Amino acid sequence: MLVTLEGLDGSGKTTVWEALHDAYPDAVFTREPTSDSWYGEAVNRAIDDDDADPLATLFLFTADHADHLSRVVRPALADGDLVVSDRYSDSRYAYQAAALRDSDLRRPMEYIMGIHAAFTRPPDKTIYLDVDPETAAARSGSTNKFEQAAYLADVRANYERLIDAEPERFVRVDATQSPEAVLDAVEAALEEILAER
Ligand SMILES: Nc1ncnc2c1ncn2[C@@H]1O[C@H](COP(=O)(O)OP(=O)(O)O)[C@@H](O)[C@H]1O
Ligand SMILES: Cc1cn([C@H]2C[C@H](O)[C@@H](COP(=O)(O)OP(=O)(O)O)O2)c(=O)[nH]c1=O
């Protein structure tokens, strides 16, 4: 089963993802962008480059996803493992659709989803850590171009579109709560997801 964690920068995904390691010692914990491949390194260069072309950046993230799928996600799922990914395809649909909002693409989100449709493995469930853009930007320190509050407001609107389209896949958690309360809510959601399996 594939469970993904999504949300704005600073929503607390990585904090939760790390804490879950102890509760689920047999699960495979992974992330996008990947941190153990040259595709992930290329993505991180694009994230840190204010002049990186947004369409080129989309394809770098998507290349990293293809590698992540074939190298990590599909083999783990074939072994019957629980896979928990800190960010996954919805991050592209939300972030790159916002980055490409003023491009020549008429419907950026649909375009990005279309690229993925042919090869991706959709998540079974997605836990969405919901936080307002101002809190997100403040917590993440606004260190890169994706972490500005105005941009994050667009990203958040895109996540809401994704949730509206597939309400049964998403579990929304209020991420403005304390780290302990957020972790409790995520663990409860995960227990319910695994019980339904
Ligand atoms: N629920 C929370 N309340 C307050 N601060 C938090 C909370 N969760 C995480 N943080 C802090 O916010 C920052 C970003 O958290 P992080 O887990 O890296 O978020 P993300 O991976 O979603 O960008 C870190 O300094 C972290 O300690
Ligand atoms: C996976 C992914 C991340 N991103 C962005 C979100 C983050 O600003 C940045 C790095 O992701 P990440 O390392 O998960 O940052 P954080 O822990 O702060 O959430 O890349 C995209 O724009 N598209 C994507 O497909």
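From a predicted model like this one, the values you see are computed outputs, not experimental measurements.

*Asks:* Can you help me understand the UniProt feature "domain: Thymidylate kinase-like" (unreviewed entry) in the protein chain in this one?
*Replies:* Here, the residues flagged by UniProt with the feature "domain: Thymidylate kinase-like" (unreviewed entry) are residues 5-184. A helix fraction of 55% and a strand fraction of 12% characterise residues 5-184, whose end C-alpha atoms lie 15 Å from each other.

*Asks:* I'm lost on the UniProt feature "binding site: ATP" (unreviewed entry) in the protein chain in this one. Help?
*Replies:* According to UniProt, the feature "binding site: ATP" (unreviewed entry) maps to Gly7, Leu8, Asp9, Gly10, Ser11, Gly12, Lys13 and Thr14 in the numbering used here. Topologically, Gly7 is positioned in strand E1 (residues 2-7). The class for Gly7 is buried, based on a relative accessible area of 0%. Setting aside anything within four residues of it in sequence, one finds Gly7 in contact with Lys13, Arg87, Tyr95, Tyr128, Leu129 and Tyr159. The class of Thr14 is partly exposed, set by a relative accessible area of 32%.

*Asks:* I keep staring at the packing of helix H5 (residues 108-117) against helix H7 (residues 149-165) and nothing clicks. Help me out?
*Replies:* The interhelical angle for the contact between H5 and H7, taken along N-to-C directions, is 60 degrees, at an axis separation of 12 Å. As judged from the angle between their axes, H5 and H7 are oblique. Both H5 and H7 take part in a crossing whose hand is right-handed. Counting all contacts with H5, which are made through Met109, Glu110 and Met113, the residues of H7 involved are Asn158, Arg161 and Leu162. By residue class, the composition of the contact of H5 with H7 is 3 nonpolar, 1 polar and 2 charged.

*Asks:* Before we go on, may I ask you to explain the site of ligand 1 in this structure?
*Replies:* Around ligand 1, a shell composed of 14 residues is seen, among which Gly10, Lys13, Thr14, Thr15 and Gln177 lie nearest. Between ligand 1 and the protein, one listed contact pairs an oxygen atom with a backbone N or O atom of Gly12 at 3.0 Å. In the environment of ligand 1, a nitrogen atom lies 3.3 Å from a nitrogen or oxygen atom belonging to the side chain of Arg139. Taking 560 Å² as the accessible area of ligand 1 by itself, protein coverage stands at 65%. For the shell around ligand 1, the elements supplying multiple residues, two or more each, are helix H1 (13-23) and helix H8 (179-196). The greatest single-element share of the shell around ligand 1, amounting to 3 residues, is contributed by H1. Of the residues assigned to the shell around ligand 1, the class counts are 4 nonpolar, 7 polar and 3 charged.

The rules behind these values
Residues numbered from 1 in each chain as written. Chains lettered and ligands numbered in written order. Predicted model: local features only at pLDDT ≥ 70, side-chain atom pairs only at ≥ 80, totals over all residues. Heavy atoms only, no water. UniProt positions renumbered as here; feature names shortened; annotations may be inferred. Helix = DSSP H or I, 4+ residues; strand = E, 2+ residues; numbered from the N terminus. Buried < 20%, exposed > 50% of the residue type's maximum accessible area, 1.4 Å probe, protein only. Contact = heavy atoms within 4.5 Å. Axes fitted to C-alpha atoms, helices over the stretch in contact; angles between N-to-C directions. Parallel < 35°, antiparallel > 145°, perpendicular 65-115°, else oblique. Left-handed = near helix turned anticlockwise from the far one by under 90°. Nonpolar A, V, L, I, M, F, W, Y, C, P; charged D, E, K, R; others polar. Near = heavy atom within 4 Å. Polar contact = N/O pair within 3.5 Å; in protein donor to acceptor, adjacent residues only side chain to side chain. Areas by Shrake-Rupley, 256 points an atom, 1.4 Å probe, with all protein chains shown as cover.

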